[in-house]
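In case you want the letters, here they are:
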Amino acid sequence: MSNKKEGDNVSFWLPMAQSNTRGDTLTPHKISTIFLIQEFLEMKREAAEKKEEFPATYRKKFHLLLLKLIQHPDLPYRDFHCLLTSEQYGIHKAHLERFELIMQDISTSENGMEALFDLQTMIDKLMSEPPSKNGGVSQSGIVGLYLRRVHVTLDKMSFSEVLTLYKNIKKYYERDIRTLAIGPSIKLDDDEIGLVKNNNVDRVNQCKWSLKQAELFVSQQSELLLCDETRALPPKELQNKLCEIMQDNPLYSQAYFLCYLNSVRLRDYFNALDALKRAFDRNTLKGGSVADHKGYQYSSLNLAILHTQFGHASEAIQSLKECIMLAQENGDRVCLDLAQSWLSYFQEGKIQLPGNNVTSTDADKTSAINTSVAYQALVKKSALSGVLPAKLFEVLMRSDSLICQHSHMNLMAISRIERAALWNLYGKNELAACCNQVMLHTSLKRLGKTYNSDGICEAICSNALWLGLQGHYNLSATVLQHAKHRFPRFPLSRFWVITDCYLTSIQCIINGKWYEAEQACNNLYRLDRHLATLQRASLNIANRNLQMAQNLLEELLEEESLPPMVFAKAKLLMANTFVINSRKVLPQAIKLLSEALTEAKEKFLTYELAMIDAHFSYFLLAMNMPQRALNSLKVAIETVLVNGSLYDKARVTFLFCKCLIGACSDTEVKIKKISECLGLLEQASSDFLVLEAYAKAKDVYVYLAQLYDELDMKEERNCFAHKFRLLEQQYPTSSEYLDIFH
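Residues numbered from 1 in each chain as written. Predicted model: local features only at pLDDT ≥ 70, side-chain atom pairs only at ≥ 80, totals over all residues. Heavy atoms only, no water.

Here we look at the overall build of the protein chain
- Within the protein chain, the regular secondary structure consists of 33 helices and four strands.
- Classification of the 742 residues of the protein chain by burial places 50% in the buried group.
- Contacts in the protein chain between residues at least 24 apart in sequence constitute 68% of all its contacts with a sequence separation of at least 6.
- A total accessible area of about 35,400 Å² is found for the protein chain, and carbon and sulfur atoms account for 53% of it. (Helix = DSSP H or I, 4+ residues; strand = E, 2+ residues; numbered from the N terminus. Buried < 20%, exposed > 50% of the residue type's maximum accessible area, 1.4 Å probe, protein only. Contact = heavy atoms within 4.5 Å. Areas by Shrake-Rupley, 256 points an atom, 1.4 Å probe, with all protein chains shown as cover.)

Notes on the packing of aromatic side chains
- For the structure shown, the criterion picks out 10 aromatic pairs.
- Geometrically, the ring pair formed by Tyr 647 and Phe 688 is edge-to-face, given 6.0 Å between the ring centres and 65° between the ring planes. Remark: Phe 688 occurs in helix 31 (residues 667-690) and Tyr 647 occurs in helix 30 (residues 646-662); sequence separation between them is 41 residues.
- Both rings, one in Tyr 694 and one in Tyr 731, keep their centres 3.7 Å apart while their planes meet at 5°; by these two values the pair is stacked. (Phe/Tyr/Trp six-rings, centres within 6.5 Å; stacked < 30°, edge-to-face > 60°.)

Describing the pattern of salt bridges
- A complete count under the given rule lists 11 salt bridges for this structure.
- For Arg 398, the salt bridge identified is with Glu 394, shortest N-O distance 3.8 Å. Taken together, the residues span about one helical turn, with Arg 398 and Glu 394 both in helix 17 (residues 389-406) at a distance of four residues.
- Among the residues examined, Glu 394 registers a relative accessible area of 40% and is labelled partly exposed.
- Put simply, Glu 728 and Lys 698 hold a salt bridge, and the shortest N to O gap is 2.6 Å. Within this pair, whereas Glu 728 is found in helix 33 (residues 714-730), its partner Lys 698 is found in helix 32 (residues 694-710), the two being separated by 30 residues in sequence.
- Residue classification places Lys 698 among the buried positions, given a relative accessible area of 0%.
- What emerges from the salt-bridge pattern is a single network uniting Glu 599, Glu 602 and Lys 603. (Salt bridge = Lys/Arg side-chain N within 4 Å of Asp/Glu carboxyl O.)

Concerning the packing of helix 17 against helix 18 (residues 409-425)
- Closest axis-to-axis distance for the helix 17/helix 18 pair is 10 Å, and the angle between their directions is 165°. Comparing their axes, helix 18 and helix 17 come out roughly antiparallel. Of the two elements, helix 17 crosses helix 18, and the hand of that crossing is left-handed. When helix 17 is examined against helix 18, the residues Leu 392, Phe 393, Leu 396, Met 397, Asp 400, Ile 403 and Cys 404 are found in contact with a partner set consisting of Leu 411, Met 412, Ser 415, Glu 418, Arg 419, Leu 422 and Trp 423.
- Looking at the contact of helix 17 with helix 18, its residues break down into 10 nonpolar, one polar and three charged. (Axes fitted to C-alpha atoms, helices over the stretch in contact; angles between N-to-C directions. Parallel < 35°, antiparallel > 145°, perpendicular 65-115°, else oblique. Left-handed = near helix turned anticlockwise from the far one by under 90°. Nonpolar A, V, L, I, M, F, W, Y, C, P; charged D, E, K, R; others polar.)

Examining the environment of Ile 460
- Counting through the fold element by element, Ile 460 comes out in helix 20 (residues 454-469).
- Take Ile 460: its relative accessible area is 4%, and that puts it in the buried class.
- Note: C-alpha distance between Ile 460 and Phe 495 (35 residues apart in sequence) is 9.3 Å.
- Ignoring anything within four residues of it in the chain, the contact list for Ile 460 reads Leu 440, Val 479, His 482, Ala 483, Arg 486 and Phe 487.

Things to note about the nonpolar core
- Counting residues in each nonpolar core, the largest one holds 95 residues, and the members touching the most others are Leu 422, Ile 612 and Phe 619.
- The biggest single contributor to this core is helix 28 (residues 606-622), with 12 residues.
- Excluding its chain neighbours within four sequence positions, the residues that come into contact with Ile 612 are Leu 572, Leu 593, Ala 596, Leu 597 and Ala 600.
- Trp 209, Met 246, Ala 272 and Ala 304 belong to the second largest nonpolar core, which has 46 residues in total. (Core = buried A, V, L, I, M, F, W, Y, C linked by side-chain atoms within 4.5 Å.)

Points about the side chain of Gln 550
- Among the secondary structure elements, Gln 550 is positioned in helix 25 (residues 546-557).
- Discounting chain neighbours no more than four positions away, the residues touching Gln 550 are Met 574, Thr 577 and Phe 578.

Here's the deal with the state of the cysteines
- A complete count under the given rule lists zero disulfides for this structure.
- Of the cysteine sulfurs around Cys 659, a residue in no disulfide, the closest is that of Cys 657, at 9.3 Å. (Disulfide = S-S within 2.5 Å.)

Some remarks on the packing of helix 22 (residues 493-511) against helix 23 (residues 514-525)
- Where helix 22 contacts helix 23, the two axes come as close as 8 Å, and the packing angle between them is 155°. Comparing their axes, helix 23 and helix 22 come out roughly antiparallel. Where helix 22 crosses over helix 23, the two elements pack in a sense that is left-handed. Contacts between helix 22 and helix 23 involve Ile 498, Cys 501, Tyr 502, Thr 504, Ser 505, Cys 508 and Ile 509 from the former and Trp 514, Glu 516, Ala 517, Ala 520, Cys 521, Asn 523 and Leu 524 from the latter.
- Of the residues belonging to the contact of helix 22 with helix 23, the class tally is 10 nonpolar, three polar and one charged.

A look at the confidence of the model for the protein chain
- Put simply, the protein chain has an average pLDDT of 78, and 82% of its residues get 70 or more.
- Ignoring residues within four places in sequence, the model shows residues 1-22, a span with pLDDT below 50, making 74 contacts including any to other chains.
- Contacts of residues 354-363 to residues separated by more than four positions or lying in other chains number 18 contacts, the stretch itself having pLDDT below 50. (pLDDT = per-residue confidence, 0-100.)

Some thoughts on the environment of Leu 66
- Structurally, the position occupied by Leu 66 is in helix 2 (residues 56-71).
- Through-space distance from the C-alpha of Leu 66 to that of Tyr 89 is 9.2 Å; in sequence the pair is 23 residues apart.
- Excluding anything up to four places from it in sequence, Leu 66 contacts Thr 33, Ile 37 and Val 143.

Quick word on helix 10 (residues 235-248)
- Between its first and last C-alpha, helix 10 extends 20 Å over 14 residues, near the 20 Å set by a 1.5 Å rise per residue.
- Against helix 9 (211-227) and helix 11 (253-265) lie the buried residues of helix 10. (Expected span 1.5 Å × (residues − 1).)

Side note on the environment of Phe 40
- For Phe 40, the location among the structural elements is in helix 1 (residues 28-49).
- Note: C-alpha distance between Phe 40 and Phe 62 (22 residues apart in sequence) is 8.7 Å.

Focus on unusual backbone geometry
- A positive phi is found at Arg 544, a non-glycine position, where the angle reads about 65°.
- Positive phi is not limited to glycine here, since Phe 604 has a value of about 60°.

Comments concerning a nonpolar patch on the surface
- Among the surface-exposed residues, Phe 117, Phe 159 and Leu 163 lie close enough to one another that they form a single nonpolar patch of about 290 Å² accessible area.
- Note that Leu 163 resides in helix 7 (residues 159-180).
- By relative accessible area, Leu 163 is classed as partly exposed at 31%. (Patch = residues over 30% accessible without salt bridge, like charges linked within 9 Å, V, L, I, M, F, W, Y side chains within 5 Å.)

Written out as structure tokens, the structure reads:
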């Protein structure tokens, strides 16, 4: 919504706003406000003559009231009077009586017309006197400017227009004064009763919003939609306000553009497209000659952004190409840089990271911000293309340097959350959690306004996910509840909905609640198809419906341009479908793991590499090669214990103990090794119980009971067999889920 030379809004752009050709229209509301100011100044002058001090409490309330009356749209007299008597804005009793008296005189006196001419004389006198003599009104202040605008408009009005204004003031006062029961008792005929019941009659033809009021409202709401959408008006209420503004100011293009933004947050594509077209139509009309207008490139740019919001990649690229062509013709470097930044999101093939062409000495704010946007887009593409991580973090540092110089809160938050996402991609989940904490503890304030948008929401959801994966379900639910209250509406609500569905599916799969897990996967599918497919496959593997899991994964792997993490996880899950039981591993499983291993190495997916090594270890152990399994697991166990979820930590710990014990050929050494590993096995069982993964906890007890039975240690065998029996009686589960690594 800002001027095109400003770089604060990187999502939506309009050319420089043209001034409205229509002048201010005087309404009864504005004249009533002037009368209110006039009586206040008279009271201050009288108090000064008596050497008395006007109460500071009433002065403060009156100034707040004036600010509201000047900056907000016209009110019916009923609402106007309610403000004067309210607790927050209530004026002095004597002031109210004098104001009511002058309004009554205008309505009932035969000489009420003279009050308007006296009003013009009063304003002229105030403007010619210094503030010390006219009660403290500064000509350059808000009230002074308001008085001058009214004076200029009155001076330009003809006698017939002043007469019409006078009649409107009488109607304005008489309609609502009867409903308030504060005026003289007057008998109403049927026509007047109808007017009282519907006090909005004829207001359609009046100017409710002045241009200055509309500009202030649109500017405030645009800033809130950018920085803190929850503080903006609800979509329906905002749309009603914008309809009023567009009716009163039909050529004010910024109102149509805000209508476009409001439709985007409701995911209303057709109304958003219509509002965007109208915004640029109005802007062209105000520009005068169509041939001289240079803002068409911004129309194409915003159309591309609209298509991007709704996932229309090919349409967005076409619009961006048209924008680049128009920007080159008009010599608009700002628009060209913006288009190039957005185009970088759709680049395919080999990614060329930027060199040191933009340094910290750049004084052009817009160029610096555009470069930062391009850097962040290229970092995302490059990370998925397997570029060296150190190079990406170096580029992010250059981007941060540019952003911090200009205190751009939006891009600063996005950069922090992108850094956390990179650490997650590379398997350093602890570092990612630290980045999220730094993000949430950073003061993102500028000019008294706090940034509260998608970067904050993503950081909160990432923390909720990390807490849930560590088994702190209550804490995770509390954090998610905070996100729900803080970001109640789409598109920001999308982040916590995905997190909630994903955590629910994981928890239900671990707990063996198949129906609830299926419901969570269905809800997740609407928002993230790849993640939902992986979870559905995981659900079917856990439920031992291996054929269905294979079908889902085969369909997913047939897609082109799969993200590397999705590809590696899909291959890993597919390998699990070829493990019939703990003693039979089909050759296809080893092949799939090798393909996943190659992809993970090329894209630096450290955590996926560790989990692939852990699966190799499980398969080798199943093929009775415990020493090789132990060697494979030693490479991965540290990464999993530092960065893994509680479930992965517990099952890798359990597998590590099985490999250690299985690698011992001598009975005495095996007994000693069991005593050394017993604490780890009990810790793994305890972690499974915390996660309510009762089948996996039983797996530990079954393993220990069988192991002690082989060693003819009956007392220990009976102890763990008893634990298994108690747990089975309390939480019965399918025996097919025992002794599998998934």
